[in-house]
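# Descriptive structure summary
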Amino acid sequence: MNKFPLILTLIGVLPFVVLSIAVSGQMFDDNIFVVRTLLSYSTLILSFLGGIHWGVAVSNYSHDKRVANLLILESVLPSTLAWGVLLHADIHIQLLVLTVLFTFIWAIDSVLVGRKIIPLWFFEIRCIITPIVVVSLYVAYFSII
(Lines give C-alpha, C1' and ligand atoms only; values in the text may rest on other atoms or scores of the structure.)
Protein backbone atom coordinates (compact mmCIF):
# COMPACT_ATOMS: atom_id res chain seq x y z
CA MET A 1 0.00 0.00 0.00
CA ASN A 2 1.29 3.47 -0.84
CA LYS A 3 2.15 5.26 2.40
CA PHE A 4 1.89 8.89 1.29
CA PRO A 5 -1.70 8.61 -0.06
CA LEU A 6 -2.64 6.60 3.03
CA ILE A 7 -1.27 9.26 5.38
CA LEU A 8 -3.06 12.05 3.52
CA THR A 9 -6.28 10.06 3.51
CA LEU A 10 -6.01 9.38 7.25
CA ILE A 11 -5.57 13.12 7.81
CA GLY A 12 -8.67 13.66 5.66
CA VAL A 13 -10.70 11.24 7.76
CA LEU A 14 -9.87 13.03 11.03
CA PRO A 15 -12.67 15.60 10.69
CA PHE A 16 -15.21 12.77 10.43
CA VAL A 17 -13.95 11.18 13.63
CA VAL A 18 -13.46 14.41 15.58
CA LEU A 19 -16.80 15.89 14.58
CA SER A 20 -18.73 12.69 15.31
CA ILE A 21 -17.08 12.44 18.73
CA ALA A 22 -17.93 16.09 19.36
CA VAL A 23 -21.55 15.41 18.44
CA SER A 24 -21.84 12.26 20.52
CA GLY A 25 -20.15 13.90 23.51
CA GLN A 26 -22.16 17.10 23.08
CA MET A 27 -18.91 19.01 23.45
CA PHE A 28 -20.33 22.26 22.06
CA ASP A 29 -23.41 24.24 22.99
CA ASP A 30 -24.67 24.17 19.42
CA ASN A 31 -24.60 20.45 18.58
CA ILE A 32 -26.62 21.01 15.40
CA PHE A 33 -23.91 23.35 14.09
CA VAL A 34 -21.35 20.57 14.61
CA VAL A 35 -23.57 18.09 12.76
CA ARG A 36 -24.02 20.56 9.91
CA THR A 37 -20.25 20.99 9.75
CA LEU A 38 -19.90 17.20 9.52
CA LEU A 39 -22.56 17.12 6.79
CA SER A 40 -20.82 19.87 4.81
CA TYR A 41 -17.46 18.14 5.08
CA SER A 42 -19.06 14.85 4.03
CA THR A 43 -20.56 16.47 0.96
CA LEU A 44 -17.23 18.03 0.09
CA ILE A 45 -15.51 14.63 0.30
CA LEU A 46 -18.25 13.00 -1.80
CA SER A 47 -17.54 15.63 -4.44
CA PHE A 48 -13.84 14.84 -4.20
CA LEU A 49 -14.52 11.11 -4.69
CA GLY A 50 -16.72 11.95 -7.66
CA GLY A 51 -13.83 13.91 -9.11
CA ILE A 52 -11.60 10.86 -8.79
CA HIS A 53 -14.15 8.76 -10.67
CA TRP A 54 -14.48 11.48 -13.33
CA GLY A 55 -10.70 11.34 -13.79
CA VAL A 56 -10.79 7.55 -14.05
CA ALA A 57 -13.53 7.83 -16.68
CA VAL A 58 -11.59 10.38 -18.70
CA SER A 59 -8.41 8.31 -18.63
CA ASN A 60 -10.32 5.18 -19.69
CA TYR A 61 -12.64 6.75 -22.27
CA SER A 62 -10.78 5.50 -25.31
CA HIS A 63 -10.67 1.93 -23.90
CA ASP A 64 -14.34 1.45 -23.07
CA LYS A 65 -16.75 4.31 -23.80
CA ARG A 66 -19.73 2.55 -22.18
CA VAL A 67 -17.97 2.07 -18.85
CA ALA A 68 -16.51 5.58 -19.05
CA ASN A 69 -19.94 7.11 -19.68
CA LEU A 70 -21.41 5.21 -16.72
CA LEU A 71 -18.52 6.41 -14.56
CA ILE A 72 -19.05 10.00 -15.67
CA LEU A 73 -22.70 9.74 -14.67
CA GLU A 74 -21.81 8.05 -11.39
CA SER A 75 -19.11 10.62 -10.66
CA VAL A 76 -21.61 13.49 -10.50
CA LEU A 77 -24.65 11.67 -9.11
CA PRO A 78 -23.59 11.14 -5.45
CA SER A 79 -22.26 14.66 -4.95
CA THR A 80 -25.30 16.20 -6.66
CA LEU A 81 -27.63 14.13 -4.49
CA ALA A 82 -25.63 15.03 -1.39
CA TRP A 83 -25.81 18.77 -2.09
CA GLY A 84 -29.53 18.46 -2.83
CA VAL A 85 -30.16 16.56 0.37
CA LEU A 86 -28.26 19.21 2.34
CA LEU A 87 -30.57 21.86 0.94
CA HIS A 88 -33.79 19.99 1.53
CA ALA A 89 -34.08 17.10 3.96
CA ASP A 90 -34.02 17.06 7.72
CA ILE A 91 -30.71 16.45 9.48
CA HIS A 92 -31.42 12.79 10.28
CA ILE A 93 -32.18 11.98 6.65
CA GLN A 94 -29.11 13.93 5.56
CA LEU A 95 -26.85 11.76 7.73
CA LEU A 96 -28.44 8.54 6.52
CA VAL A 97 -28.37 9.50 2.83
CA LEU A 98 -24.72 10.53 3.03
CA THR A 99 -23.90 7.22 4.68
CA VAL A 100 -25.60 5.39 1.80
CA LEU A 101 -23.75 7.51 -0.76
CA PHE A 102 -20.34 6.75 0.75
CA THR A 103 -21.22 3.06 0.75
CA PHE A 104 -22.42 3.28 -2.87
CA ILE A 105 -19.15 4.84 -4.04
CA TRP A 106 -17.22 2.16 -2.14
CA ALA A 107 -19.26 -0.49 -3.96
CA ILE A 108 -18.45 1.16 -7.29
CA ASP A 109 -14.78 1.11 -6.32
CA SER A 110 -15.03 -2.62 -5.63
CA VAL A 111 -16.32 -3.13 -9.18
CA LEU A 112 -13.60 -0.88 -10.60
CA VAL A 113 -10.79 -2.71 -8.81
CA GLY A 114 -12.26 -6.06 -9.90
CA ARG A 115 -12.14 -4.85 -13.51
CA LYS A 116 -8.61 -3.52 -12.95
CA ILE A 117 -9.72 0.03 -13.72
CA ILE A 118 -8.39 1.44 -10.45
CA PRO A 119 -5.28 0.22 -8.63
CA LEU A 120 -5.54 -2.20 -5.72
CA TRP A 121 -3.68 0.14 -3.35
CA PHE A 122 -6.37 2.80 -3.87
CA PHE A 123 -9.14 0.33 -3.08
CA GLU A 124 -7.26 -0.91 -0.01
CA ILE A 125 -7.16 2.65 1.30
CA ARG A 126 -10.87 3.02 0.59
CA CYS A 127 -11.48 -0.22 2.53
CA ILE A 128 -9.82 1.35 5.56
CA ILE A 129 -11.35 4.79 5.30
CA THR A 130 -14.94 4.19 4.18
CA PRO A 131 -15.90 2.13 7.26
CA ILE A 132 -14.47 4.89 9.47
CA VAL A 133 -16.52 7.50 7.59
CA VAL A 134 -19.70 5.42 7.71
CA VAL A 135 -19.32 4.64 11.41
CA SER A 136 -18.62 8.31 12.13
CA LEU A 137 -21.81 9.35 10.36
CA TYR A 138 -23.78 6.67 12.21
CA VAL A 139 -22.32 7.81 15.54
CA ALA A 140 -23.53 11.35 14.79
CA TYR A 141 -26.92 10.03 13.68
CA PHE A 142 -27.49 7.91 16.79
CA SER A 143 -26.28 10.75 19.00
CA ILE A 144 -29.01 13.10 17.82
CA ILE A 145 -32.02 10.78 17.61
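All values derive from a computational prediction rather than experimental measurement.

### Here's the deal with the overall build of the protein
If you tally the helices and strands in the protein, you get five helices and zero strands. Helices and strands in the protein line up, N terminus first, as α-α-α-α-α. Relative to its length of 145 residues, the protein is compact, with a C-alpha radius of gyration of 16 Å against a globular reference of 15 Å. Overall size of the protein, expressed as C-alpha extent along the three principal axes, is 55 × 35 × 15 Å. When the 145 residues of the protein are sorted by exposure, 40% land in the buried category. Counted over contacts in the protein with a minimum sequence separation of 6, partners at least 24 positions apart contribute 70%.

### Section: the side chain of Ser42
Relative to the helices and strands, Ser42 is located in helix α2 (residues 31-60). Setting aside chain neighbours within four positions, we find Ser42 in contact with Phe16, Leu98, Phe102 and Leu137.

### A look at the pattern of salt bridges
Under the criterion given, the structure shown has two salt bridges. Across the pair Arg126 and Asp109 runs a salt bridge whose closest N-O atoms are separated by 2.5 Å. Here the residue Arg126 occupies a position in helix α5 (residues 120-144), and Asp109 occupies one in helix α4 (residues 91-114), the gap between them amounting to 17 residues. Comparing Arg126 with Asp109, the two get one shared label, buried.

### Concerning unusual backbone geometry
At Gln26, a residue that is not glycine, the phi angle is positive and equals roughly 45 degrees. Tracing the sequence through the fold places Gln26 in the loop between α1 (3-24) and α2. Positioned with a positive phi, Lys116 is a non-glycine residue whose angle comes to about 60 degrees. Mapped onto the elements of the fold, Lys116 is located in the loop between α4 and α5.

### Comments concerning α1
Its 22 residues give α1 an end-to-end C-alpha distance of 31 Å, which sits within 8% of 32 Å, the value for a rise of 1.5 Å per residue. The sharpest bend along α1 measures roughly 30 degrees and falls at Val13, with the proline Pro15 sitting one to four residues further on. Among all positions in α1, only Leu6, Val13, Phe16, Leu19, Ser20, Ala22 and Val23 are buried. Among the structural elements, α2, α4 and α5 are those in contact with the buried residues of α1. Phi turns positive one or two residues past the end of α1, at Gln26, with a value near 45 degrees.

### Remarks on helix α3 (residues 65-88)
Compared with the 34 Å implied by 1.5 Å per residue over 24 residues, the 34 Å span of α3 between its first and last C-alpha is a close match. The complete set of buried residues in α3 reads Val67, Ala68, Leu71, Glu74, Ser75, Pro78, Ser79, Ala82, Val85 and Leu86. Of the surrounding elements, those touching the buried residues of α3 are α2 and α4.

### Describing the environment of Ile32
Inspection of the secondary structure assignment puts Ile32 in helix α2. Separated by 45 residues in the primary sequence, Ile32 and Leu77 place their C-alpha atoms 26 Å from one another.

About the criteria used
Residues numbered from 1 in each chain as written. Predicted model: local features only at pLDDT ≥ 70, side-chain atom pairs only at ≥ 80, totals over all residues. Heavy atoms only, no water. Helix = DSSP H or I, 4+ residues; strand = E, 2+ residues; numbered from the N terminus. Rg over C-alpha atoms; globule rule 2.2 N^0.38 Å. Buried < 20%, exposed > 50% of the residue type's maximum accessible area, 1.4 Å probe, protein only. Contact = heavy atoms within 4.5 Å. Salt bridge = Lys/Arg side-chain N within 4 Å of Asp/Glu carboxyl O. Expected span 1.5 Å × (residues − 1). Bend = angle between axes of the 7 residues up to and from the residue.

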